[in-house]
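Observations on chain architecture
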Amino acid sequence: MGTIDGAALGDLEAVSEAVLAMSGHLEVREVLRRITASARSLLGAEYAALGVPDDHGGFAQFVVDGVSDEQWKAIGPLPRQHGVLATMLHELTPTRLADVRRAPAFEGWPQAHPELKDFLGMPILDGDEILGAIFLANKEGGFTEQDERLLRILAAHASIALGNARLYERSRELTLAGERARIAHDLHDAVSQKLFSLRLTAKAAATLVDRDPTRARAELKEVARLAAEAADELRTVVVELRPAALDEDGLVATLASQVQVLDRAHSATVAFDEDGGVRTLPPAQEAAVLRIAQEALHNALRHSGARKVQVTLRGTRSRGARLTVSDDGQGFDPESVRRAGRHLGLVSMRDRAQTVGGRLVLTSGPGRGTVIELEVPGA
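Rules behind the numbers
Residues numbered from 1 in each chain as written. Predicted model: local features only at pLDDT ≥ 70, side-chain atom pairs only at ≥ 80, totals over all residues. Heavy atoms only, no water. Helix = DSSP H or I, 4+ residues; strand = E, 2+ residues; numbered from the N terminus. Buried < 20%, exposed > 50% of the residue type's maximum accessible area, 1.4 Å probe, protein only. Contact = heavy atoms within 4.5 Å. Areas by Shrake-Rupley, 256 points an atom, 1.4 Å probe, with all protein chains shown as cover. Pairing = 2+ DSSP bridges. Axes fitted to C-alpha atoms, helices over the stretch in contact; angles between N-to-C directions. Phe/Tyr/Trp six-rings, centres within 6.5 Å; stacked < 30°, edge-to-face > 60°. Arc of directions from axis to C-beta. Parallel < 35°, antiparallel > 145°, perpendicular 65-115°, else oblique. Left-handed = near helix turned anticlockwise from the far one by under 90°.

Assigned secondary structure in the protein consists of 10 helices and 10 strands. Across the 379 residues of the protein, 40% fall into the buried class. In the protein, 63% of the contacts between residues at least 6 apart in sequence involve partners at least 24 apart. Within the structure as shown, the protein displays about 20,800 Å² of accessible surface, and the carbon and sulfur contribution to it stands at 53%.

Take a look at the structure:
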């Protein structure tokens, strides 16, 4: 029986550490981040990235390691699937290059992008399906055949870890759906009963106003009490409906996921775009941005007759975020809507924005679609 030399044993231990690092997490975003960091550390590369493709020539997710937040923001929007990246996402074999700039498929990069030379790319496969690809660049002495073998092993384990994370998130979505159904049932039972009692008590007070003012006042006090209880029930439901994904996945991933679901559920095209520069916001800010986005999307999809709805999220210089929800629907005259007493959720959206120190602007007109812009400050 052969023996394992010191170098091979060291590689085995390094791969084992990398596999353990990325397998100890169940959220997809964190698994992707761990895979990327582990690959960079394992092979001693200066830069690492992992891209998960979408169906529209871009990336559903793109994670980098070795690039600072400032550099990443300066680089600009997420890359498209072109050049060497496109090659990696459409071939089942790895790509190892001494100088990526000399590759036939190379098409350059943005001005702020770091200078890359030696390159190793490895697809993450589930059978013949490409789940994503790991990209490594700039290793002293260049990448070797042994590096390629190690990255292939890591990519195989990454496929399993990513599959497990996706199954976990799907299970969590189903759990949340069941929990929402339970809350809706509780809301119907508790609040509906209180509102029914409220209605009967109000009617009783109305009949007693003239012939028994004292009893009428007592009934009106009961109306106030029942109304307060109903309001408390509603507030409890709102708190319970805060998306768990917002705490675990962050604003960008949660909003992107919800837009994807709406795009599948409606005939209108619903698209999401973000610049990679949105930092983690305080919980109240993130909740406000998400709720306002949901309200704006609801209006656009239910009332505007839009064929396309675009959701955009950008980072700001104040470390905050700017949300824009625009549609190409029929539009409306905001002043006429206000005078008619139909607010389309605009009052609640403005209240949410003001509560977190944000500013909300609505622009619309008959035949001109609608644009809702929200800007919230950072921490």
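Next comes the rest of the description.
What follows deals with the sheet that holds strand β1 (residues 47-53). Strands sit in the order β2-β1-β5-β4-β3 across an open sheet of five strands; the sheet is antiparallel. The strands lining the two open edges of the sheet, one partner per strand, are β2 (59-65) and β3 (95-97). Adjacent strand axes in the sheet meet at a mean angle of 15°, parallel and antiparallel pairs treated alike. Both β1 and strand β5 (residues 129-137) contribute to a ladder of five bridges, which runs antiparallel. Directly across from L50, in β5, lies its bridge partner I134. Strand contacts of helix α2 (residues 28-43): β1, β2, β4 (119-126) and β5, with the helix running at about 40° to β2, the strand carrying the most contacts.

The next thing to look at is the packing of aromatic side chains. Tallying each qualifying case throughout the model produces four aromatic pairs. Ring centres of F62 and W72 lie 6.1 Å apart, and the angle between their planes is 5°; on these two criteria the pair is classed as stacked. Of this pair, F62 sits in strand β2 while W72 is found in helix α3 (residues 69-75), placing the two residues 10 residues apart along the sequence. Owing to a relative accessible area of 10%, F62 belongs among the buried residues under this scheme. When its relative accessible area of 15% is taken as the criterion, W72 is described as buried.

Looking now at helix α10 (residues 346-355). Those residues of α10 that sit buried are L346, M349 and A353. Seen along its axis, α10 keeps its buried residues to an arc of 65°; they face one direction. Exposed positions of α10 whose direction lies more than 90 degrees from the buried face are Q354 and T355. Elements in contact with the buried residues of α10: α8 (283-303), β9 (359-364) and β10 (370-376).

You can see E375 is positioned in strand β10. Classification of E375 as partly exposed rests on a relative accessible area of 26%. Taking the C-alpha atoms as reference points, E375 and G320, separated by 55 residues in sequence, lie 7.4 Å from one another.

Running from N to C, α8 and α10 cross one another at 165°; their axes reach a closest spacing of 10 Å. Between α8 and α10, the angle is such that the two are roughly antiparallel. Here α8 and α10 pass one another in a crossing that is left-handed. Counting all contacts with α8, which are made through A288, R291, I292, E295, A296 and N299, the residues of α10 involved are M349, R352 and A353.

Function-wise, these values are silent; they only describe arrangement.
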